[in-house]
Amino acid sequence: HVRRRLPAGSHLRKSKVQCPKSKLVLRESLMNIMVCGVGGQGVLLFSDIISEIALGSGLDVKKSEVHGMAQRGGSVTGHIRYAPRVYSPLIEEGTADVLVAFEMLEALRFSFFLKPDGRLIYDPHRIDPLPVSIGAVERPTDQWLEERLQSRVQGPVSSIQCPSAPASPESTVQSPKSSLIRVPAFDAALKLGNARVQNTVMLGAISNYLEFPKSAYTDALTRLIKPKVVDLNLKAFAEGRALCGRA
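Bear in mind the structure is a predicted one, so any value in this text is a computation, not a measurement. (Residues numbered from 1 in each chain as written. Predicted model: local features only at pLDDT ≥ 70, side-chain atom pairs only at ≥ 80, totals over all residues. Heavy atoms only, no water.)

**Q** How do you make sense of helix α1 (residues 43-56) when you look at a structure like this?
**A** Each α-helix turn comprises 3.6 residues. Residues three or four places apart therefore point the same way. Here α1 is 14 residues long and its end C-alpha atoms lie 20 Å apart, about the 20 Å a rise of 1.5 Å per residue gives. The positive-phi residue at the C-terminal boundary of α1 is Gly58, with phi of around 90°. (Helix = DSSP H or I, 4+ residues; strand = E, 2+ residues; numbered from the N terminus. Expected span 1.5 Å × (residues − 1).)

Listed below in C-alpha cells is the structure:
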C-alpha cells in the first residue's frame, strides 16, 4: 500500500514526517532495528515507516533491505539504524537492539543478529518454506522453535499481553523487562478482515518499546498509506498497541 519506496541502502536526510521541535527525540546512542519476514508480509513498508518517524524526530537514519526472492516467498530483511549520526546502513551480527520477525522460522533464522541483551518481538505465525511444503524437509514443531528462540535471548518471555510495557508515551527500548515478546499479529489482522495489515499490527506492538510518541506513527501511516486503507491501518496499529497493554 505504500505510495513510494525508499531505495535500499538509503542515506536518509529529509522526511515529510516532521515533529515539532518540542517533540524532537534526544538520543545519544545508536539504535539498531532488524526486521525480517517473508515476501508479501510488508517488511519493507514497516521499515520505511520506522525510518520516516526517526527522520522526522531529528535523527540521522540509514536503512538497507534485502528482498531478492521476495516474490517467490523468500526471506525479506530490513536494517534500520538511527542516532544523531550514523555512518553505515548495515547491522552487524550480534548487534541488533531489536529484532522484529513477522514469521517464526524467520525469527530463528535471523536471531543471531540480536545482541545478548537485545529484544525479540515476533509473530508465532508460520509460513512453511518450499522444501517443507513438498515434504523434502521435516517440519519443525512450534514447541521446538519456541524453545530455540527462548534460548537466544536473556530475560523473561511475554506472550500476547506485554505487562512490562511502560506507561509513559516517551518510553525507551531499555525500560521494559521482557526480552522475548510473542505478538499474534497475523491472527489480529485476520480479525480485522485483512491479513495484509499484519505489519501494521506489529508496528503498533513495537511502538510500545521505542521512544517516539504515538502521534508520530499515526502521522506516518496517514502519509505513507493509500487513503482508502488508512482507517484500516490505524485500527491495526491500535490493535498492536493494545496487544502489549497500551491504548
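Here the narrative resumes, following the displayed structure.
**Q** I keep staring at the packing of aromatic side chains and nothing clicks. Help me out?
**A** To describe a pair of aromatic rings, you give the distance between the ring centres and the angle between the ring planes. On inspection of all chains with the given rule, the structure shows 5 aromatic pairs. Judged by centre distance (5.4 Å) and plane angle (55°), the rings of Tyr82 and Phe212 are tilted. Pair noted here: Tyr82 is in strand β4 (residues 75-83) and Phe212 is in the loop between α6 (198-206) and α7 (214-224), with a separation of 130 residues, a long-range link. For Phe212, a relative accessible area of 1% puts it in the buried group. (Phe/Tyr/Trp six-rings, centres within 6.5 Å; stacked < 30°, edge-to-face > 60°. Buried < 20%, exposed > 50% of the residue type's maximum accessible area, 1.4 Å probe, protein only.)

**Q** When you look at the packing of α1 against α6 in this model, what are you seeing that I'm missing?
**A** A pair of packed helices is captured by two measures, namely the crossing angle of their axes and the spacing between those axes. For the pair α1 and α6, the least separation of the axes is 9 Å and the interaxial angle reads 35°. Regarding α1 and α6, the two cross each other, and that crossing is right-handed. In this structure, α1 contributes Leu45, Phe46, Ile49 and Ile50 to the contact, and α6 contributes Asn199, Met202, Leu203 and Ile206. Broken down by class, the residue content of the contact of α1 with α6 amounts to 7 nonpolar, 1 polar and no charged. (Axes fitted to C-alpha atoms, helices over the stretch in contact; angles between N-to-C directions. Left-handed = near helix turned anticlockwise from the far one by under 90°. Contact = heavy atoms within 4.5 Å. Nonpolar A, V, L, I, M, F, W, Y, C, P; charged D, E, K, R; others polar.)

**Q** Got a minute to help me understand the pairing of strand β2 (residues 31-38) in this structure?
**A** Strand residues, when the strand is regular, have side chains that alternate between the two faces of the sheet. Where burial is concerned, most of β2 is hidden: 8 out of the 8 residues are buried. With burial as the criterion, each face of β2 is covered, one bearing Met31, Ile33, Val35 and Gly37 and the other bearing Asn32, Met34, Cys36 and Val38. Inspection of the sheet shows β2 paired to β4 by 8 bridges, in the antiparallel sense. Across the sheet, residue Met31 finds its bridge partner in β4, namely Tyr82. Note that β2 and strand β5 (residues 96-101) share 4 bridges and pair parallel. When the sheet's bridge partners are listed, Val35 is paired in β5 with Val100. (Pairing = 2+ DSSP bridges.)

Shape is all these values report; function is a separate question.
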